[in-house]
Amino acid sequence: MSRLDDLRGPVPARAHDARAIAALAANPGCARRSLLDAAGVDKDAAARHVGFPAPFGQSQFAITRGNVFESLVKENGCAELLRLLRELMGLPIAQVGYQDVENVGAHLRASHTRALIDRAARESEDSAVFYDHPLLSLRIAGQTSYLEPDVVAFQLGGRFHVVEIKSFSVIDGQAEPEKVAAAARQAAVYVLALRALMEELGHDPERVSHDVVLVCPENFANRPVASLVDVRRQLAVLRRQLARMTRVDRLLEDLPEGLTFSLEPDADGVPTRSAGELAEALRRVPARYAPDCLAACDMCMFCRDEARGCGSTDLLGRQVRDQLGGVSGMDEALGLAEGTREPEEGQEEIARLLRLADRLRRECVA
Ligand code: SF4
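Source: prediction; values computed, not measured.

Trainee: Sorry, what's going on with the pattern of salt bridges here?
Mentor: Opposite charge on two side chains permits pairing when their charged atoms draw close. Counting across every chain of the model gives 21 salt bridges. Note that Arg 114 is salt-bridged to Glu 200, the shortest N-O span being 2.5 Å. You can see Arg 114 sitting in helix H6 (residues 109–122) and its partner Glu 200 sitting in helix H7 (residues 177–200), a full 86 residues away along the chain. Accessibility expressed as a relative area gives 32% for Arg 114, which makes it partly exposed. Of the charged contacts in the structure, one is a salt bridge between Arg 359 and Glu 363, with a shortest N-O distance of 3.1 Å. Of this pair, Arg 359 and Glu 363 both sit in helix H15 (residues 348–365), 4 residues apart, which is roughly one turn of that helix.

Structural data, given as structure tokens:
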């Protein structure tokens, strides 16, 4: 049993999805999140057990609506999707091939996806194929994560495009910018994974287009509408952040002996471990809380409470924290600003700036 299995305990590992990878890349310096994700710990369940459930998650109604919309777009071998793509991209073809990778069984999906993508990349440039439920993989901080997009990739003119189906509405040609941005970040993860696969198979990764096709319902009805979203910026951010991520093997070296985040359930499905014990184990791995965590990580309420408890400057956001350099506590920052605390070696410059800021604030207030 590996150290990561010990950390998770005797429960099935939770797979990463594209949303989780996009969020992981948003806070690459957080050791707590890196370890929990690498070990496949169910962060949502852990946060609930310690009494700090995350304030997000889709309602059952939204999940059902999303499933119904996706089935509509994909029914009859993606006939509706073909109509949309003909309009959006001027597809000159009458029909396309359709391959549902899910039909081959879970254990073969990854190898079947590889074989299909390889064949499509070698075949005639004028063929077009939809791949439903492909299984892709991506190396994250030294670990392989499997992505199970329910999106479809297709090839036309030698290019592959990722299609992202979302159930948020486009009203009068406009969708909520945050939702489009989240969909773009998620689609960028699929593009990255598909490019990695192309490279592995000896094909040009740039044949996977940075233009993803976003399909949403239009004007509160279930009629789908498609648009192209350029994810080049999201790809650049993702690549940079993933490269910077602390390697998990290095984090494992520093862990206390016997540490585990196990959520092993009893006969009623309730974790056998007390909430206090689990919280204590979580606190033994350093976190890097920032307000952005509130939109991205299941552990956010727990980490925010912890940061508040110790008066951490992390609460002020990444930009302020980085500007404060090595000053990690609010008391310390206030003491340096008010001159009641002597700067330690290396803190002279930040102390001077804090005193200046404090003087300017007092002048403004006066
Ligand atoms: S919420 Fe906590 S565990 Fe999650 S990324 Fe932020 S600091 Fe790390």
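Trainee: Is there a simple way to think about the pairing of strand S7 (residues 211–217) in this case?
Mentor: Look at any regular strand and the pattern is simple: side chains alternate between the two faces of the sheet. In terms of burial, S7 is largely enclosed, as 6 of its 7 residues are buried. As judged from the 3 bridges shared by strand S6 (residues 159–165) and S7, these two strands associate in the parallel manner. Residue pairing across strands places Val 163 opposite Val 213, the latter belonging to S7. Relative to strand S8 (residues 224–230), S7 runs antiparallel, the two being bridged by 7 bridges.

Trainee: Can you walk me through the site of the ligand in this structure?
Mentor: Neighbouring the ligand are the residues Asn 27, Cys 30, Arg 33, Ala 287, Arg 288, Tyr 289, Cys 293, Cys 297, Met 299, Cys 300 and Cys 303. Tallied by class, the residues present in the shell around the ligand amount to 8 nonpolar, 1 polar and 2 charged.

Trainee: Sorry if this is basic, but what is going on with the environment of Asp 266 here?
Mentor: Take Asp 266: it is sitting in the loop between helix H9 (248–253) and helix H10 (275–283). Distance from Asp 266 to Arg 48, taken between C-alpha atoms, is 16 Å for residues 218 residues apart in sequence. A distance of 2.9 Å separates a polar atom in the side chain of Asp 266 from the backbone nitrogen of Asp 268.

Trainee: Would you take a moment to explain the confidence of the model for the protein chain for this structure?
Mentor: Do not read the fine detail of predicted coordinates wherever pLDDT is low. Taken as a whole, the protein chain shows an average pLDDT of 85; of its residues, 92% reach a score of 70 or greater. Between the elements of the protein chain, mean pLDDT differs from a low of 69, seen in strand S5 (residues 152–156), to a high of 96, seen in H10.

Trainee: Would you explain the domain arrangement of the protein chain in this entry?
Mentor: Quite often, the size of an interface is put as the accessible area lost when its parts meet. Here the protein chain is partitioned into domain 1 (3–57 + 256–323) and domain 2 (60–243). Distance from the C-alpha centre of domain 1 to the C-alpha centre of domain 2: 29 Å. The partner domain 2 presents 13 residues to the 12 residues of domain 1 that form the contact. In total, about 990 Å² of surface goes out of reach between domain 1 and domain 2, with carbon and sulfur atoms giving 73% of it. The interface formed by domain 1 and domain 2 holds 0 salt bridges in total. Where domain 1 packs against domain 2, one counts 0 residue pairs in polar contact (both at pLDDT 80 or more). In terms of residue count, the dominant contributor to the side of domain 1 that touches domain 2 is helix H2 (residues 18–26) (7 residues). Taken together, the residues of the side of domain 1 that touches domain 2 break down into 9 nonpolar, 1 polar and 2 charged.

Trainee: When you look at the nonpolar core in this model, what are you seeing that I'm missing?
Mentor: Looking at soluble globular proteins, one finds that nonpolar side chains tend to be buried together. Ranked by size, the top nonpolar core spans 41 residues in total, and within it Ile 117, Leu 138, Leu 147, Phe 160, Val 189, Leu 194 and Val 231 carry the most contacts. Every element with two or more residues in this core is listed here: H2, H6, strand S2 (129–132), strand S3 (136–140), S6, H7, S7 and helix H8 (232–244). It is H7 that contributes the most residues to this core, 12 residues altogether. Taken domain by domain, this core gets at least three of its residues from each of domain 1 (3–57 + 256–323) and domain 2 (60–243). Other than its neighbours up to four places away in sequence, Phe 160 contacts Ile 117, Ala 120, Ala 121, Tyr 131, Phe 154, Gln 155, Leu 194, Met 198, Arg 207, Val 208 and Ser 209. One finds Val 248, Leu 282, Phe 302 and Cys 303 within the second-largest nonpolar core, a separate group that totals 30 residues.

Trainee: What is the right way to read the environment of Val 191 from this model?
Mentor: Within the secondary structure, Val 191 is located in helix H7. Between the C-alpha atom of Val 191 and that of Glu 80, which follows or precedes it by 111 residues, the distance is 23 Å. Excluding its chain neighbours within four sequence positions, the residues that come into contact with Val 191 are Val 162, Val 208, Ser 209, Val 212, Val 231 and Leu 235.

Trainee: Please clarify how helix H5 (residues 60–89) should be interpreted in this entry.
Mentor: Because an α-helix completes one turn every 3.6 residues, residues spaced three or four positions apart along the sequence face the same direction. The terminal C-alpha atoms of H5, which comprises 30 residues, lie only 34 Å apart, well short of the 44 Å expected from a rise of 1.5 Å per residue. Backbone geometry just after H5 places Gly 90 at a positive phi near 60°.

Parameters at a glance
- Residues numbered from 1 in each chain as written.
- Predicted model: local features only at pLDDT ≥ 70, side-chain atom pairs only at ≥ 80, totals over all residues.
- Heavy atoms only, no water.
- Salt bridge = Lys/Arg side-chain N within 4 Å of Asp/Glu carboxyl O.
- Helix = DSSP H or I, 4+ residues; strand = E, 2+ residues; numbered from the N terminus.
- Buried < 20%, exposed > 50% of the residue type's maximum accessible area, 1.4 Å probe, protein only.
- Pairing = 2+ DSSP bridges.
- Near = heavy atom within 4 Å.
- Nonpolar A, V, L, I, M, F, W, Y, C, P; charged D, E, K, R; others polar.
- Polar contact = N/O pair within 3.5 Å; in protein donor to acceptor, adjacent residues only side chain to side chain.
- pLDDT = per-residue confidence, 0-100.
- Domains from an automatic or database assignment.
- Contact = heavy atoms within 4.5 Å.
- Buried area = accessible area lost by both parts, 1.4 Å probe.
- Core = buried A, V, L, I, M, F, W, Y, C linked by side-chain atoms within 4.5 Å.
- Expected span 1.5 Å × (residues − 1).

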